[in-house]
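Inside the fold
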Amino acid sequence: MSEEAAPTRRRGAALEQAILRAAADELTERGYTGLTMDRVARRAGTNKNAIYRRWPTKGALGVAAYQLLVETELRAPDTGDLREDVLTLLRRINRDLSSPRGDVLRGLLAGVSDEPELLARLRERAGDGAPGVWLTVLGRAVARGEVPPESLRPRIATVALVLLRNEYVTRGLATVSDDVLAEIVDEVYLPLVRAGATAG
């Protein structure tokens, strides 16, 4: 009895972190389809009511737990060179998409596809790319004079990411080679952003 009572005394941020950590571990081990409130509650040493008060649906909990998994990956690289920054981002995303965490993300995207708000939040914080990360990288390049200010638009900034995702979707690859990543940057992305002044 006393062993079960002790964890329930946690409050606020400590309890939330314990729940999120438990949910993140469940996601990693079982994927979104295997995520259940019961298992998370047991793992966190709390009850389902404590979870539902904070995350009213499995989807909301899954998205929040995934955010915990990727939060350290969201910082934009800053090597001082646009080509290196973009390659660094693409390599990070490529590793992620071809790892078990990539499977978790795909399961989540499918699982919350009928919940527009959660889907938008997940895409925003997927660690690959929120447009904000790419705009930060491109904005620094603009400030250094590498590319014209006219290129600083979300659709242009995220082109490399779209092309990388396309490799997975249309070719069914398990991972994308570094040569292809370099082609995306050198043959498409850099020429496009450098021509930003004439892109409209």
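A brief report on the enclosed structure follows. Please read all numbers here as calculations on a predicted model, not as lab measurements.

1. Re the overall build of the protein chain
A tally of regular secondary structure across the protein chain gives 12 helices and 0 strands. The secondary structure elements of the protein chain, listed N-terminal to C-terminal, are α-α-α-α-α-α-α-α-α-α-α-α. Counting across all 200 residues of the protein chain, residues that qualify as buried make up 44%. Pairs at least 24 apart in sequence give 68% of the contacts found in the protein chain among residues at least 6 apart. Carbon and sulfur atoms provide 51% of the accessible area of the protein chain, an area that totals close to 10,400 Å².

2. A short note on the packing of aromatic side chains
For the structure on display, the rule yields 1 aromatic pair. In this structure, Lys 58 packs its charged tip against the face of Tyr 32, placed 4.5 Å from the ring centre.

3. Some words on the pattern of salt bridges
A complete count under the given rule lists 15 salt bridges for this structure. When the shortest N-O distance is used, the salt bridge between Lys 48 and Asp 38 registers 3.2 Å. One end of the pair, Lys 48, is in helix H4 (residues 48-54); the other, Asp 38, is in helix H3 (residues 37-44), with 10 residues separating them in the sequence. With relative accessibility at 34%, the residue Lys 48 sits in the partly exposed group.

4. Let's talk about the side chain of Ser 151
Of note, Ser 151 is situated in the loop between helix H9 (131-144) and helix H10 (154-157). When neighbours within four sequence positions are excluded, Ser 151 is seen to be in contact with Leu 138, Val 142, Ile 156, Val 193 and Gly 196.

5. Notes on the side chain of Asp 85
Tracing the backbone through its elements, the reader meets Asp 85 in helix H6 (residues 82-97). Excluding residues within four positions of it along the chain, Asp 85 makes contact with Pro 77, Asp 78, Thr 79, Gly 80, Val 137 and Arg 144.

6. Section: the nonpolar core
By size, the foremost hydrophobic cluster in this structure holds 32 residues, and its most contacted members are Ile 19, Leu 27, Val 40, Ile 51, Trp 55, Leu 61 and Tyr 66. In contact with Trp 55, not counting residues within four places along its chain, are Glu 16, Ile 19, Leu 20, Met 37, Ala 60, Leu 61 and Ala 64.

7. Some thoughts on the packing of H6 against helix H11 (residues 159-171)
Direction vectors running N to C along H6 and H11 enclose 30°, while the axes themselves pass 11 Å from each other. Overall, the two elements H6 and H11 adopt an arrangement that is roughly parallel. Of the two possible hands of crossing, H6 and H11 adopt the one that is right-handed. In contact with Val 86, Leu 90, Ile 93, Asn 94 and Leu 97 of H6, H11 contributes Ala 160, Leu 161, Leu 164 and Tyr 168. Of the residues in the contact of H6 with H11, the class split is 8 nonpolar, 1 polar and no charged.

8. Points about the packing of H11 against helix H12 (residues 178-194)
Across the interface, H11 lies against H12 with an axial gap of 9 Å and an inter-helix angle of 145°. The chirality of how H11 crosses H12 is right-handed. Together, Val 159, Ala 160, Leu 163, Leu 164 and Glu 167 of H11 and Val 180, Leu 181, Ile 184, Val 188, Tyr 189 and Leu 192 of H12 make up the contact between the two elements. Looking at the contact of H11 with H12, its residues break down into 10 nonpolar, no polar and 1 charged.

9. So, H6
Between its first and last C-alpha, H6 extends 22 Å over 16 residues, near the 22 Å set by a 1.5 Å rise per residue. Among all positions of H6, only Leu 82, Asp 85, Val 86, Leu 87, Leu 89, Leu 90, Arg 92, Ile 93, Asn 94, Asp 96 and Leu 97 are buried. Buried residues along H6 sit against helix H5 (58-70), helix H7 (100-111), H9, H11 and H12. The N-capping residue of H6, defined by a side-chain oxygen 3.2 Å from the backbone nitrogen of Arg 83, is Asp 81.

Analysis parameters
- Residues numbered from 1 in each chain as written.
- Predicted model: local features only at pLDDT ≥ 70, side-chain atom pairs only at ≥ 80, totals over all residues.
- Heavy atoms only, no water.
- Helix = DSSP H or I, 4+ residues; strand = E, 2+ residues; numbered from the N terminus.
- Buried < 20%, exposed > 50% of the residue type's maximum accessible area, 1.4 Å probe, protein only.
- Contact = heavy atoms within 4.5 Å.
- Areas by Shrake-Rupley, 256 points an atom, 1.4 Å probe, with all protein chains shown as cover.
- Phe/Tyr/Trp six-rings, centres within 6.5 Å; stacked < 30°, edge-to-face > 60°.
- Lys NZ or Arg CZ within 6 Å of the ring centre and 35° of its normal.
- Salt bridge = Lys/Arg side-chain N within 4 Å of Asp/Glu carboxyl O.
- Core = buried A, V, L, I, M, F, W, Y, C linked by side-chain atoms within 4.5 Å.
- Axes fitted to C-alpha atoms, helices over the stretch in contact; angles between N-to-C directions.
- Parallel < 35°, antiparallel > 145°, perpendicular 65-115°, else oblique.
- Left-handed = near helix turned anticlockwise from the far one by under 90°.
- Nonpolar A, V, L, I, M, F, W, Y, C, P; charged D, E, K, R; others polar.
- Expected span 1.5 Å × (residues − 1).
- Polar contact = N/O pair within 3.5 Å; in protein donor to acceptor, adjacent residues only side chain to side chain.

Any link to function would need more than the numbers given here.
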